[in-house]
Amino acid sequence: MFEAIGGEKTVNRLVEAFYHHVKLHPVISSLFPDDMSETVRKQKQFLTQLLGGPQLYSMEHGHPMLRARHLHFKIGAEEADAWLTCMDHAMNDIGLDPEYRKIIFERLSKTAHHMINQPAINH
Ligand code: HEM
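Residues numbered from 1 in each chain as written. Predicted model: local features only at pLDDT ≥ 70, side-chain atom pairs only at ≥ 80, totals over all residues. Heavy atoms only, no water.

## Topic: the site of the ligand
(1) Moving on: In the region of the ligand, 21 residues are neighbours, and Thr-39, Lys-42, Tyr-57, His-70 and Trp-83 sit closest.
(2) Moving on: Here an oxygen atom of the ligand and a side-chain polar atom of Thr-39 are 2.6 Å apart.
(3) Moving on: Interatomic distance of 3.0 Å between a side-chain N/O atom of Lys-42 and an oxygen atom of the ligand.
(4) Moving on: Mapped by element, the contributors of at least two residues to the shell around the ligand are helix H2 (37–50), helix H4 (66–70), helix H5 (77–94) and helix H6 (98–114). (Near = heavy atom within 4 Å. Polar contact = N/O pair within 3.5 Å; in protein donor to acceptor, adjacent residues only side chain to side chain. Helix = DSSP H or I, 4+ residues; strand = E, 2+ residues; numbered from the N terminus.)

So, in structure tokens, the structure goes:
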């Protein structure tokens, strides 16, 4: 899939577009550091390997253990939805091939919901 969507160039464009939206998002922007260059770099590595490209993230940082790495951020359903909205916009921005877009988005939706570490608030 990594090669099919255009390899490194496409992943780079997707991740840059994604964090552009994250920076502007009222629900999640405050969770991220002002300087997102490391975040961007790690997300490029991670998505490269998630999509079947070289295992760049694990080679540098070891097992992703993504849920554990997110435990010190408060992530509820609202944050997960915000993250996915930013990804949806980024996919639009770069015109990701619709054939792969659906599969990738579904995969990321599962991962985003797996990151939820705050119970839903009952009103
Ligand atoms: C790191 C938020 C979902 C992959 C981070 C960081 C935050 C964050 C605040 C730390 C940024 C930094 O300090 O540089 C969130 C929120 C999510 C979410 C609110 C909503 C569900 C995801 C998903 C993925 C992902 C779905 C994967 C597809 C990563 C990676 C890192 C990261 C790879 C870098 C980890 C490291 O430090 O090595 N995320 N994230 N995140 N996130 Fe997420």
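There's more to say after this.
## Topic: H6
(1) Moving on: Over its 17 residues, H6 extends 24 Å from the first C-alpha to the last, a length consistent with the 24 Å expected when each residue adds 1.5 Å.
(2) Moving on: In the core, the buried residues of H6 are packed alongside H2, H4 and H5.
(3) Moving on: Taking the backbone nitrogen of Glu-99 as reference, a side-chain oxygen 2.9 Å away marks Asp-97 as the first, capping residue of H6. (Expected span 1.5 Å × (residues − 1). Contact = heavy atoms within 4.5 Å.)

## Topic: the packing of aromatic side chains
(1) Moving on: Summed over all chains, the structure comprises four aromatic pairs.
(2) Moving on: For the ring pair Tyr-19 and Phe-32, a centre distance of 5.9 Å and an interplane angle of 65° mean the geometry is edge-to-face. Here Phe-32 lies in the loop between helix H1 (7–24) and H2 and Tyr-19 lies in helix H1, a separation of 13 residues in the sequence.
(3) Moving on: On the accessibility criterion, Phe-32 (21% relative accessible area) is partly exposed.
(4) Moving on: Among the aromatic residues, those joined into a cluster by ring pairs are Phe-18, Tyr-19, Phe-32 and Trp-83. (Phe/Tyr/Trp six-rings, centres within 6.5 Å; stacked < 30°, edge-to-face > 60°. Buried < 20%, exposed > 50% of the residue type's maximum accessible area, 1.4 Å probe, protein only.)

## Let's talk about the packing of H5 against H6
How two helices sit against one another is set out by the angle between their axes and by the gap between those axes.
(1) Moving on: Between H5 and H6, whose axes approach to 10 Å, the crossing angle comes to 160°. What the angle tells us is that H5 and H6 run roughly antiparallel. Read as a crossing pair, H5 and H6 show a hand that is right-handed. Between H5, through Ala-80, Asp-81, Trp-83, Leu-84, Met-87, Asp-88, Met-91 and Asn-92, and H6, the contact on the second element is made entirely by Arg-101, Ile-104, Phe-105, Leu-108, Ser-109, Ala-112 and His-113. (Axes fitted to C-alpha atoms, helices over the stretch in contact; angles between N-to-C directions. Parallel < 35°, antiparallel > 145°, perpendicular 65-115°, else oblique. Left-handed = near helix turned anticlockwise from the far one by under 90°.)

## A closer look at unusual backbone geometry
(1) Moving on: With phi around 40°, Met-65 is a residue other than glycine that occupies positive phi space.
(2) Moving on: The topology assignment puts Met-65 in the loop between helix H3 (56–61) and H4.

## Considerations on the side chain of Gln-49
(1) Moving on: Relative to the helices and strands, Gln-49 is located in helix H2.
(2) Moving on: Here Gln-49 falls in the buried class, since its relative accessible area comes to 10%.
(3) Moving on: Of note is the side chain of Gln-49, whose polar atom sits 2.9 Å from the side chain of Ser-58.

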